[in-house]
Amino acid sequence: MALADTERGVSNCGDSPFSEIIELNVGGQVYVTRHKTLVAVPDSLLWTMFSKKSPKELARDSKGRFFLDRDGFLFRYILDYLRDLNLVLPDYFPEKSRLQREADFFQLRDLAKRLSPRVSKDNSISEEISQSDTEEGAQQCGSSSTMETLRAMSVSGAMRSPSLDSRKSGYITIGYRGSYTIGRDIQTDAKFRRVARITVCGKTSLAKEVFGDTLNESRDPDRPPERYTSRYYLKYNFLEQAFDKLTEVGFHMVACSSTGTCAYTSNDPNEDKIWTSYTEYVFCRD
């Protein structure tokens, strides 16, 4: 249906061969938007695609949607920016550098500039405020006392760690399923199998802050940053690595629990026992 509508040119876009409503497949994520939104920024990549090319020149998926092989999760912010040329991100957004890369790819120069880290006079990188911003704000106020106040705030802010100021409190639960075999000889060491998967439960923004690119989002890619999920898991299988990550950003363990079941591989009671267990560790940051 999407293919047929586009080729018929059912639109309110003047002489444009594209329909007014356009369906996109961006890295497996489907978006529906208006043609005028995609061409809102002249000379951008999307503007070139949807104003200088014909529908037949663009790649399609199996259902006729225009296909872009880019990050489908981050494209939502690209599309939000195109709607009103304003950028609004969550309070903590750990993928700003990746979003800047997407902005560069789509040739959105103003958006990429907003996302680039600012460098102060002492060559330190700050994403929140720079020396020039404080001076400009003070000049607009027209008060020397305001200037001194802002300078004092800037100095005190430099003495504090930005990561400590911006981080949020909350809980993250780490869970895993494991199995091991205990031999007939009780003195024999248990034979542990490798942990198959480590799951992560909690607020999406906290999970991304702690685990970053090691967090596999394929089971829940569209979860908003301030919502909760229990469908993430880690790309590695070492519990100690997950614990180290949590400790580095100020989390500490507050509770843990484990359940297990035992089964025989056969009816022979002399055979080795196979135990399976599920364990959860609850971490908190005040």
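Here is what the cut-offs are and how they apply
- Residues numbered from 1 in each chain as written.
- Predicted model: local features only at pLDDT ≥ 70, side-chain atom pairs only at ≥ 80, totals over all residues.
- Heavy atoms only, no water.
- 1 Å grid on protein atoms, 1.4 Å probe; cavity = no way out; pocket = protein on both sides within 12 Å on 5 of 7 lines; lining within 4 Å.
- Points joined across faces, edges and corners; volume = space filled by probe spheres on them.
- Nonpolar A, V, L, I, M, F, W, Y, C, P; charged D, E, K, R; others polar.
- Helix = DSSP H or I, 4+ residues; strand = E, 2+ residues; numbered from the N terminus.
- Buried < 20%, exposed > 50% of the residue type's maximum accessible area, 1.4 Å probe, protein only.
- Contact = heavy atoms within 4.5 Å.
- Patch = residues over 30% accessible without salt bridge, like charges linked within 9 Å, V, L, I, M, F, W, Y side chains within 5 Å.
- Areas by Shrake-Rupley, 256 points an atom, 1.4 Å probe, with all protein chains shown as cover.
- Salt bridge = Lys/Arg side-chain N within 4 Å of Asp/Glu carboxyl O.
- Pairing = 2+ DSSP bridges.
- Axes fitted to C-alpha atoms, helices over the stretch in contact; angles between N-to-C directions.
- Arc of directions from axis to C-beta.
- Phe/Tyr/Trp six-rings, centres within 6.5 Å; stacked < 30°, edge-to-face > 60°.
- Lys NZ or Arg CZ within 6 Å of the ring centre and 35° of its normal.

A. Structural context of the layout of surface pockets. Roughly 270 Å³ of internal volume is contained in the second largest pocket. Along the walls of the second largest pocket sit 17 residues, with Asp 71, Phe 73, Arg 98, Glu 217 and Ser 218 positioned nearest its centre. Per-class residue counts for the lining of the second largest pocket are four nonpolar, six polar and seven charged.

B. Region of interest: unusual backbone geometry. For Leu 85, which is not glycine, the phi torsion reads 55° and is therefore positive. Here Leu 85 shows up in the loop between α4 (75-84) and α5 (96-105). Taking the relative accessible area as the measure of exposure, Leu 85 reaches 41% and is therefore partly exposed. For Gln 107, which is not a glycine, the phi torsion comes out positive at approximately 60°.

C. Up close: the environment of Asp 213. Examined against the element boundaries, Asp 213 turns out to sit in the loop between α10 (204-211) and β9 (215-216). Exposure remark for Asp 213: the relative accessible area of 52% places this residue in the exposed category. In sequence terms Asp 213 and Glu 95 are 118 residues apart; their C-alpha atoms lie 9.1 Å from each other. Non-local contacts of Asp 213, meaning those with residues more than four positions away in its chain, are made with Arg 98 and Lys 235.

D. Inspection of empty space enclosed by the protein at higher detail. Under the defined criterion, the tally for this structure stands at one cavity of 30 Å³ or more. Quantified by volume, the largest cavity comes out at close to 50 Å³. In terms of lining residues, the largest cavity is bounded by Phe 73, Tyr 77, Pro 90, Tyr 92, Phe 93, Pro 94, Glu 95, Ser 205, Lys 208 and Pro 225. Here the lining of the largest cavity is composed, by residue class, of seven nonpolar, one polar and two charged.

E. A nonpolar patch on the surface, seen in detail. Together, Ile 21, Val 30 and Val 32 make up a nonpolar patch on the protein surface, roughly 250 Å² of accessible area in all. Following the sequence through the fold, Val 32 ends up in strand β2 (residues 29-34).

F. The sheet that holds strand β1 (residues 21-26), seen in detail. Read from one edge to the other, the open sheet built from three strands follows the order β2-β1-β3, with strand pairing classed as mixed. Here the strands that pair on one side only, and so sit at the sheet edges, are β2 and β3 (66-68). Each adjacent strand pair in this sheet contributes to an overall mean axis angle of 30°, direction not counted. Relative to β3, β1 runs parallel, the two sharing three bridges. For Val 26, the partnering residue across the bridge sits in β3 and is Leu 68. Most of the contacts of α4 go to β2, to which it runs at about 5°, and overall it touches β1, β2 and β3.

G. Highlighting the pattern of salt bridges. Here the structure, examined in full by the defined rule, presents eleven salt bridges. Residue Arg 70 is joined to Glu 102 by a salt bridge in which the shortest nitrogen-to-oxygen separation is 2.9 Å. Taken together, the positions of Arg 70 in the loop between β3 and α4 and Glu 102 in helix α5 put the pair 32 residues apart, joining distant regions of the chain. Classification of Arg 70 by relative accessible area gives partly exposed; the value is 22%. One salt bridge connects Arg 285 with Glu 209, and the closest N-O pair in it is separated by 2.9 Å.

H. Layout of helix α11 (residues 239-248). Along α11, the residues that are buried comprise Leu 239, Ala 242, Phe 243 and Leu 246. For α11, the angular spread of buried residues about the axis comes to 100°, placing them on one side. Away from the buried face of α11 by more than 90 degrees, exposed residues Glu 240 and Glu 248 are located. Looking one or two places after α11, you find Gly 250, whose phi comes out positive at around 95°.

I. How the structure looks around the environment of Ala 242. Along the chain, Ala 242 falls in helix α11. The buried category is assigned to Ala 242, whose relative accessible area is 0%. Through-space distance from the C-alpha of Ala 242 to that of Phe 211 is 7.9 Å; in sequence the pair is 31 residues apart. Setting aside residues no more than four positions away along its own chain, Ala 242 makes contact with Phe 211, Leu 234 and Tyr 236.

J. Spotlight on the packing of aromatic side chains. Under the definition given, this model contains eleven aromatic pairs. Aromatic pair Phe 75 and Phe 106: ring centres 5.6 Å apart, planes at 55°, arrangement tilted. On the criterion of sequence distance, the pair formed by Phe 75 in helix α4 and Phe 106 in the loop between α5 and α6 (109-115) is long-range, its members being 31 residues apart. Phe 106 carries the same exposure label as Phe 75, and that label is buried. Relative to Phe 106, the ring of Phe 105 has its centre 5.2 Å away and its plane inclined at 85°; by these criteria the two rings are edge-to-face. Classification of Phe 105 by relative accessible area gives partly exposed; the value is 34%. Put simply, the rings of Tyr 31, Phe 75, Phe 105 and Phe 106 pair up and form one aromatic cluster. Taking NZ or CZ as reference, Arg 70 lies 3.8 Å from the ring centre of Phe 105, over its face. Taking the ring centre of Tyr 233 as reference, the NZ or CZ of Arg 197 above it sits at 3.9 Å.

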